[in-house]
Amino acid sequence: MKKLFITVTLIALLSSSAFSKSENVYDLFATGKKEEAIKVLKDFVNTESNPDAKYILGLLYNDASSINLCKIDDFCVDENESNYKKAYEIFLDLYENDNDPRAAYAIGEYYDNHWVFWPNYKKAFKYYLFAAERGVPEAQYNVANMYEFGDGVKKDLVQSVRWYLQCNKSSLCGAGKEGIDDLIAELSPDELDYALSLVEDTIEEVDIRITAARSIVVQ
């Protein structure tokens, strides 16, 4: 099953001109101050219950082994494996208590194709759909893909075309109708009209990348 996955990466060197006057969590990581950044995140989570800080902390637990955090606190269960259980707990808390679509997408990935978690496409679809309806383009693409092939949900080409076109409104996708000509050809004119009627112009795009850490400024 071919899906779209976005790997979170912190290996991005920012030029000094790109830094804001106030240092933020993303900048701390980019300049190697990882422990300081983590402390800031945990302070925001513990004192303000900040959803952005909590989400980013979940990402860091998830990616700890690949971004050299295994020697910090409990970010890894051993020197080579991220603490995925902790990441999952953080994402689940965000999903259940804050209705966070980014966290829903992260949980969907766990159930979709993660080597630690037992695959469950039905659960993956549930979380992807929640995120897709709330503006996560990666989730919109995956929902379209799952409808196309009947993975975790009954095959439905009308819904597949609808979600591909919804994703095409984002900065992530952009093929337009030309990118799904083969699927559109399988729909009747009425079915295509219905799919088009379901595409919403008012859904705001949600960014799931680590760059959201720029919004958390060091006090």
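Residues numbered from 1 in each chain as written. Predicted model: local features only at pLDDT ≥ 70, side-chain atom pairs only at ≥ 80, totals over all residues. Heavy atoms only, no water.

Focus: the confidence of the model for the chain
Averaged over all residues, the pLDDT of the chain equals 87, while 87% of them reach at least 70. For residues 5-21, every residue scores under 50 in pLDDT, and the model assigns this stretch 29 contacts once sequence neighbours within four places are set aside. (pLDDT = per-residue confidence, 0-100. Contact = heavy atoms within 4.5 Å.)

Regarding the packing of aromatic side chains
A complete count under the given rule lists 14 aromatic pairs for this structure. Taking 6.3 Å as the distance between ring centres and 45° as the angle between the ring planes, the aromatic pair formed by Phe91 and Tyr110 counts as tilted. With Phe91 in helix H4 (residues 84-98) and Tyr110 in helix H5 (residues 101-113), this pair connects stretches of sequence that are 19 residues apart. For the residue pair Phe91 and Tyr110, the accessibility class agrees, reading buried in each case. Taken together, a centroid distance of 6.0 Å and an interplanar angle of 10° make the contact between Tyr111 and Tyr127 stacked. Here Tyr111 is found in helix H5, whereas its partner Tyr127 is found in helix H6 (residues 121-133), with 16 residues between them in sequence. Exposure class is identical for Tyr111 and Tyr127. Each is buried. An aromatic cluster is present here, built from Tyr55, Tyr88, Phe91, Tyr95, Tyr110, Tyr111, Phe117, Tyr127 and Phe130 joined pairwise through their rings. Here the guanidinium or amino end of Arg134 rests over the ring plane of Phe130, the centre of that ring lying 3.6 Å away. Across the ring face of Tyr26, the terminal group of Arg214 is positioned such that the distance to the ring centre comes to 4.3 Å. (Phe/Tyr/Trp six-rings, centres within 6.5 Å; stacked < 30°, edge-to-face > 60°. Helix = DSSP H or I, 4+ residues; strand = E, 2+ residues; numbered from the N terminus. Buried < 20%, exposed > 50% of the residue type's maximum accessible area, 1.4 Å probe, protein only. Lys NZ or Arg CZ within 6 Å of the ring centre and 35° of its normal.)

Some words on unusual backbone geometry
Positive phi outside glycine occurs at Asp73, with the angle close to 45°. Tracing the backbone shows Asp73 in the loop between helix H3 (51-63) and H4. For Asp73, a relative accessible area of 56% gives the class exposed. Unlike most non-glycine residues, Asn99 shows phi in positive territory, near 50°. Note on placement: Asn99 falls in the loop between H4 and H5. We classify Asn99 as partly exposed; its relative accessible area is 49%.

Remarks on the state of the cysteines
A covalent bond bridging the sulfur atoms of two cysteines is what the word disulfide describes. In this structure the tally under the stated criterion is 2 disulfides. With a sulfur-sulfur separation of 2.0 Å, Cys70 is cross-linked through a disulfide to Cys76. When the S-S torsion is -65°, as for the bridge of Cys70 with Cys76, the disulfide is left-handed. By relative accessible area, Cys76 is classed as buried at 13%. Bridging Cys167 to Cys173, the disulfide has an S-S length of 1.9 Å. Its torsion about the S-S bond being 55°, the disulfide of Cys167 and Cys173 is classed as right-handed. (Disulfide = S-S within 2.5 Å.)

So, the side chain of Asp112
Note that Asp112 resides in helix H5. Residue Asp112 is classed as buried on the basis of its relative accessible area of 3%. Only 2.9 Å separates the side chain of Asp112 from the side chain of Tyr128, close enough to count as a polar contact. (Polar contact = N/O pair within 3.5 Å; in protein donor to acceptor, adjacent residues only side chain to side chain.)

Quick look at H5
Helix length check: H5 (13 residues) gives 19 Å between terminal C-alpha atoms against 18 Å at 1.5 Å per residue, within 8%. When you tally the buried positions in H5, you get 11 out of 13 residues, the bulk of the element. The elements touched by buried residues of H5 are H3, H4, H6 and helix H7 (137-149). (Expected span 1.5 Å × (residues − 1).)

A closer look at the pattern of salt bridges
On inspection of all chains with the given rule, the structure shows 9 salt bridges. A salt bridge links Glu23 to Lys33; the nearest nitrogen and oxygen atoms lie 3.5 Å apart. Residue Glu23 is found in the segment before helix H1 (25-30), and its partner Lys33 is found in the loop between H1 and helix H2 (34-48); the two are separated by 10 residues along the sequence. A relative accessible area of 31% places Glu23 in the partly exposed class. Notably, a salt bridge pairs Arg209 with Asp207, separated by 2.9 Å at the nearest N-O pair. Of the residues examined, Arg209 reaches a relative accessible area of 48% and is grouped as partly exposed. (Salt bridge = Lys/Arg side-chain N within 4 Å of Asp/Glu carboxyl O.)

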